[in-house]
Amino acid sequence: MTITSTSTTPVTVAVDVNGADLGPAEVARGAALAQGVRVILFGPAAEIGPVPSHVSVVDAPVSIAKDPDPARAVRRTPDASIVRAVAAVKDGDAQALVSGGSTGAALAASLFGFKRVPGVHRPALAIIIPVPGKPFLLLDAGANVEVRPEMLVQFAHMGAAFMEAVHGVSAPRVALLANGTEPNKGTEIIVGAHSALASSAGLNFVGNVEGFAIGSGEADVIVADGFTGNVALKVMEGTSAALLGAVRSAAMSSWRSKVGGLLLKPALRGLRGEIDPEEQGGAVLLGLRHVGVVPHGSFGARGFTRAIEVAARSVREDVAGRTYARLAEAGALRTTASEAVASLPDES
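Residues numbered from 1 in each chain as written. Predicted model: local features only at pLDDT ≥ 70, side-chain atom pairs only at ≥ 80, totals over all residues. Heavy atoms only, no water.

Q: Explain the overall build of the chain to me, please; I cannot follow it from the model alone.
A: Counting its secondary structure elements, the chain contains eleven helices and eleven strands. Within the chain, counting contacts between residues at least 6 apart in sequence, those at least 24 apart form 72% of the total. Carbon and sulfur atoms form 56% of the exposed surface of the chain, whose accessible area is close to 15,100 Å². (Helix = DSSP H or I, 4+ residues; strand = E, 2+ residues; numbered from the N terminus. Contact = heavy atoms within 4.5 Å. Areas by Shrake-Rupley, 256 points an atom, 1.4 Å probe, with all protein chains shown as cover.)

Rendered as structure tokens:
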């Protein structure tokens with residue numbers, strides 16, 4: 001999916017460079033490639049190196065990217081790079097966050113610093129699955145292991161708002177991931193969510209989908225609890241890597257296959273680019289008062305460039321405001337007292 005913004009509003013993105021597998025300098029190279037956006041890098045200045053005029057550096061060498069208890073680490077380490085980057089957004093020095101470290105630290109810092117959109121039960125981690133010609137948004141991809149039906153309803157509206165605002169999908173088709181397409185399939189929570197989604201105002205709900213729907217183009221948004229969504233995501237990533245490896249091995253198995261591989265190389269290169277997760281920019285935290293994007297730690301410069309572009313586009317298109325408006329119009333906002341925050345994954 002190509003992301004192109006119709007707005008020229010200046011946006012500043014705060015980027016935590018600590019925790020990226022290829023190091024702070026690689027994240028800085030990604031920031032340098034970002035066009036039409038200002039970037040503030042938080043990390044060890046000595047490792048970042050020179051930067052162009054649209055990029056500034058805040059020396060913040062302390063990292064909690066590998067801490068096994070991200071929530072506790074955020075509370076006890078106010079000088080950590082991720083905490084300082086979140087504070088820059090909260091204080092208005094930037095409008096969005098990109099974190100190159102662990103998902104858990106980014107989620108914890110964002111929850112404590114940004115707070116949830118009023119009336120949202122839990123934030124969700126949303127990620128574009130780059131199926132060739134049929135990409136879709138999967139959420140929740142790991143922020144909430146345990147959910148209730150009303151949370152899944154909110155996730156559906158959040159995902160629909162994001163696809164409308166950032167990817168220009170009109171009336172996105174929303175589906176619920178289950179073990180059958182019938183309304184009574186799945187756990188009690190899934191059955192309850194199906195009923196609530198079917199009657200939710202302003203939502204193009206197309207019903208339950210099974211795992212077979214991945215790659216079929218049946219939905220633009222697929223909703224799941226964080227446990228199921230994260231397992232599905234990792235299975236897809238693992239299967240994709242295994243298949244690409246098998247294709248490479250087969251192409252090198254004999255001289256004939258090598259010749260065939262050379263003929264197919266241009267087409268395969270295009271396919272690889274289409275399914276490249278770096279092109280999507282990473283996962284997006286939805287349901288918070290500010291936008292946060294979490295690229296995979298293994299991303300190179302191009303992946304971080306895309307993450308910054310996704311964050312900036314989300315600000316320009318007011319994803320947080322449109323999420324709130326959509327939930328309010330559907331009557332899906334929480335009306336009871338505040339509850340515990342999302343579970344905090346500690347993986348990178």
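Q: Would you take a moment to explain the pairing of strand β11 (residues 291-294) for this structure?
A: Here β11 shows two buried faces, one formed by Val291 and Val293 and the other by Gly292 and Val294. As paired elements, strand β4 (residues 96-99) and β11 share three bridges and run parallel to each other. Residue alanine 96 lies in a different strand from β11, and its bridge partner there is valine 291. As paired strands, strand β10 (residues 283-286) and β11 are joined by three bridges and run antiparallel to one another. Residue pairing across strands places valine 284 opposite valine 293, the latter belonging to β11. Here β10 folds back onto β11, and the loop between the two strands holds four residues, one of which, glycine 287, carries a positive phi near 100 degrees. (Buried < 20%, exposed > 50% of the residue type's maximum accessible area, 1.4 Å probe, protein only. Pairing = 2+ DSSP bridges.)

Q: What am I meant to see in the pattern of salt bridges here?
A: Close approach of charged atoms allows side chains of opposite charge to pair. Applying the stated criterion across every chain, the model contains eight salt bridges. The shortest N-O distance in the salt bridge between arginine 76 and aspartate 67 comes to 2.8 Å. Ionic pairing is found between arginine 306 and glutamate 309, a salt bridge with its closest N-O pair at 2.7 Å. Here arginine 306 and its partner glutamate 309 are both found in helix α10 (residues 301-316), three residues apart, which amounts to about one turn of the helix. For arginine 306, a relative accessible area of 5% corresponds to the buried category. (Salt bridge = Lys/Arg side-chain N within 4 Å of Asp/Glu carboxyl O.)

Q: I'm lost on the environment of leucine 138 in this one. Help?
A: When you line up the elements, leucine 138 lands in strand β6 (residues 136-139). On a C-alpha basis, the gap between leucine 138 and leucine 177 in space is 9.5 Å, while along the polypeptide they are 39 residues apart. What leucine 138 contacts, discounting residues up to four positions off in sequence, is Leu125, Ala126, Ile127, Ile129, Ile222, Gly229, Leu233 and Met236.

Q: What is the right way to read a nonpolar patch on the surface from this model?
A: A surface patch of nonpolar side chains, amounting to about 350 Å² of accessible area, comprises Val145, Phe227, Val231 and Val235. Among the secondary structure elements, valine 145 is positioned in the loop between β6 and α6 (149-167). (Patch = residues over 30% accessible without salt bridge, like charges linked within 9 Å, V, L, I, M, F, W, Y side chains within 5 Å.)

Q: Before we go on, may I ask you to explain the pairing of strand β2 (residues 38-43) in this structure?
A: Regular strands have side chains that alternate between both faces of the sheet. Summarising burial for β2: five of the six residues are buried, a large majority. Two elements, strand β1 (residues 12-16) and β2, share five bridges in a ladder whose sense is parallel. Looking at β2, one finds that valine 13 is bridged to valine 39. Taken together, β1, helix α1 (residues 24-33) and β2 constitute a β-α-β crossover, and its handedness is right-handed. One ladder, built from five bridges, connects β2 with strand β3 (residues 55-59); its direction is parallel. Looking at the pairing, isoleucine 40 lines up with serine 56 of β3. (Right-handed = clockwise from strand over helix to strand, strands pointing away.)

Q: Help me understand helix α11 (residues 319-330) in this model?
A: An α-helical turn contains 3.6 residues, so a residue and the one three or four places further along point in the same direction. Taking 1.5 Å of rise per residue, the twelve residues of α11 would be expected to cover 16 Å, and the 16 Å separating its terminal C-alpha atoms lies within 8% of that figure. Taken residue by residue, α11 has Val319, Ala320, Thr323, Arg326, Leu327 and Ala330 as its buried positions. Here the buried residues of α11 occupy an arc of 130 degrees about the axis, which is enough to place them on one side. Contacts from the buried residues of α11 go to α6, β10 and α10. Immediately beyond the C-terminal end of α11, within one or two residues, lies glycine 331, with a positive phi of roughly 70 degrees. (Expected span 1.5 Å × (residues − 1). Arc of directions from axis to C-beta.)

Q: Sorry, what's going on with the sheet that holds strand β8 (residues 204-209) here?
A: Within a sheet, adjacent strands bond to each other through the backbone by hydrogen bonds, running parallel or antiparallel. Here eleven strands make up an open sheet; going across it, the order is β3-β2-β1-β4-β11-β10-β5-β6-β9-β7-β8 and the pairing mixed. Each end of this open sheet is capped by a strand with a single partner; those strands are β3 and β8. Averaged over neighbouring strand pairs, the angle between their axes works out to 25 degrees when direction is ignored. Where β1 lies against β4, four bridges are found, and the strand directions are parallel. Across the sheet, residue valine 15 finds its bridge partner in β4, namely valine 98. Its contacts with the sheet put α1 on β1, β2 and β3, and the angle it makes with β2 is roughly 170 degrees. (Axes fitted to C-alpha atoms, helices over the stretch in contact; angles between N-to-C directions.)

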